[in-house]
Amino acid sequence: MKNKRLIIIGAGGHGRVCEEIAGLCGYQERFFLDDNKDRPSEFVILGNTADFEKYIDDSEFFVAIGDNRARRRLQENIVQKGGGMATLIHPQAVVSASAVIGKGAVVMAGAVVNPGAVIGDGVIINTCSSVDHECNIGAFVHIAVGAHLAGLVDVGENTFFGAGSTAVNHISVSADTIIGAGAVVVNDIKESGTYVGVPAVKIK
Ligand SMILES: CC(C)(COP(=O)(O)OP(=O)(O)OC[C@H]1O[C@@H](n2cnc3c(N)ncnc32)[C@H](O)[C@@H]1OP(=O)(O)O)[C@@H](O)C(=O)NCCC(=O)NCCS
């Protein structure tokens, strides 16, 4: 069992899910930092996000913030100051032995990551989503609940795949892109923006 404590940044709904996974991964002590003092929480909130440096010598960190850019900013700041990031994989996720999962990434319950997939730092592979063989998922991407990526899909950094969206095999999706809930991406996306529908088209 792990004996280091885990400091989770962000005590919202996503933080709550990550906290449970961390417990299942063997982190016996789990505390939060959050800038929202009024947030009702059953958890111990030790202070603001900026307080992480107090815990750097005896803790690992996990940034549990859904917003890709905010998560990236906080994680990069912690790493720059020498903090160690945890990687959380739910025991009921299926992750191939040949997949690579980055620092500060989470793979949630029911998710599948198949052989040869590379999952970047700070990525969220959310509940019951799947990332198939040899996909390359850039840093700080979020694959939302129930989204499915077929094999050999390349996703640029900071991109968001909405709930239940799908990407067909062997395409690439540019960085900083938003794929709406339920969208089906059937062609390469070369220009960042917001894409919705079946097949997915750019709306913004
Ligand atoms: C795509 C999305 C980001 C757009 O949000 P937005 O920028 O605020 O855009 P709007 O809500 O103003 O919608 C713009 C237009 O696109 C349409 N639209 C929005 N999302 C859509 C979707 N997923 N599929 C089809 N059409 C969609 C709206 O109906 C609207 O159409 P209109 O101009 O004809 O009225 C958002 O609707 C979405 O799908 N988010 C995914 C959320 C999610 O999956 N969360 C999971 C967390 S785990």
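The present account deals with the structure reproduced in this document. For clarity, every value in this text was computed on a predicted model and none was experimentally measured.

**Things to note about the pairing of strand 4 (residues 59-63)**
Looking along a regular strand, one sees the side chains alternate between the two faces of the sheet. Strand 4 sits mainly inside the fold: 5 of its 5 residues count as buried. Here strand 4 shows no split at all, with S59, F61 and V63 on one side and E60 and F62 on the other all buried. Bridge count for strand 1 (residues 5-9) against strand 4 is 5 bridges, and the pairing is parallel. Across the sheet, L6 pairs through a bridge with E60, a residue of strand 4. One ladder, built from 2 bridges, connects strand 4 with strand 5 (residues 84-85); its direction is parallel.

**What about the site of the ligand?**
Taken together, 13 residues form the shell around the ligand, and within it G162, A163, A181, I203 and K204 come nearest. Residue A181 places a main-chain N or O atom 2.9 Å away from a nitrogen atom belonging to the ligand. Between an oxygen atom of the ligand and a side-chain N or O atom of K204, the distance comes to 2.6 Å. Here the ligand has 910 Å² of accessible area as a free molecule, and 41% of this is covered by the chains. Tallied by class, residues from the shell around the ligand come to 8 nonpolar, 4 polar and 1 charged.

**Here we look at the nonpolar core**
In this structure, I125, I137, L149 and F161 are the most contacted members of the largest nonpolar core, which totals 29 residues. Apart from residues no more than four positions distant in its own chain, I125 is found in contact with V106, V107, M108, A111, V113, I119, V131 and I143. Within the second largest apolar cluster, 16 residues are counted, among which are A11, I21, L88 and M108.

**Describing helix 1 (residues 13-24)**
The first and last C-alpha atoms of helix 1 sit 17 Å apart over 12 residues, in line with the 16 Å expected at 1.5 Å per residue. For helix 1, the full list of buried residues reads H14, G15, C18, E19, I21 and A22. Down the axis of helix 1, the smallest arc covering the buried residues is 165°, so these residues share one side. Facing away from the buried side of helix 1, by more than 90 degrees, are the exposed residues G13 and E20. Check the buried side of helix 1 and you find it contacts strand 1, strand 2 (30-33), strand 4, strand 6 (88-89), strand 9 (106-107) and strand 12 (124-125). Positive phi appears at G26, one or two residues downstream of helix 1, with a value of about 100°.

**Overview of the pairing of strand 2**
Summarising the sheet, strand 1 and strand 2 pair through 4 bridges and their orientation is parallel. Within the sheet, the bridge partner assigned to I7 lies in strand 2 and is F31. Once you follow strand 1 into helix 1 and on to strand 2, the crossover reads as right-handed. For strand 2 and strand 3 (residues 45-47), the ladder comprises 2 bridges, and the chain directions are parallel. Opposite L33, over in strand 3, you have G47 as the bridge partner.

What counts and how
Residues numbered from 1 in each chain as written. Predicted model: local features only at pLDDT ≥ 70, side-chain atom pairs only at ≥ 80, totals over all residues. Heavy atoms only, no water. Buried < 20%, exposed > 50% of the residue type's maximum accessible area, 1.4 Å probe, protein only. Helix = DSSP H or I, 4+ residues; strand = E, 2+ residues; numbered from the N terminus. Pairing = 2+ DSSP bridges. Near = heavy atom within 4 Å. Polar contact = N/O pair within 3.5 Å; in protein donor to acceptor, adjacent residues only side chain to side chain. Areas by Shrake-Rupley, 256 points an atom, 1.4 Å probe, with all protein chains shown as cover. Nonpolar A, V, L, I, M, F, W, Y, C, P; charged D, E, K, R; others polar. Core = buried A, V, L, I, M, F, W, Y, C linked by side-chain atoms within 4.5 Å. Contact = heavy atoms within 4.5 Å. Expected span 1.5 Å × (residues − 1). Arc of directions from axis to C-beta. Right-handed = clockwise from strand over helix to strand, strands pointing away.

Nothing here speaks to function; it is all geometry.
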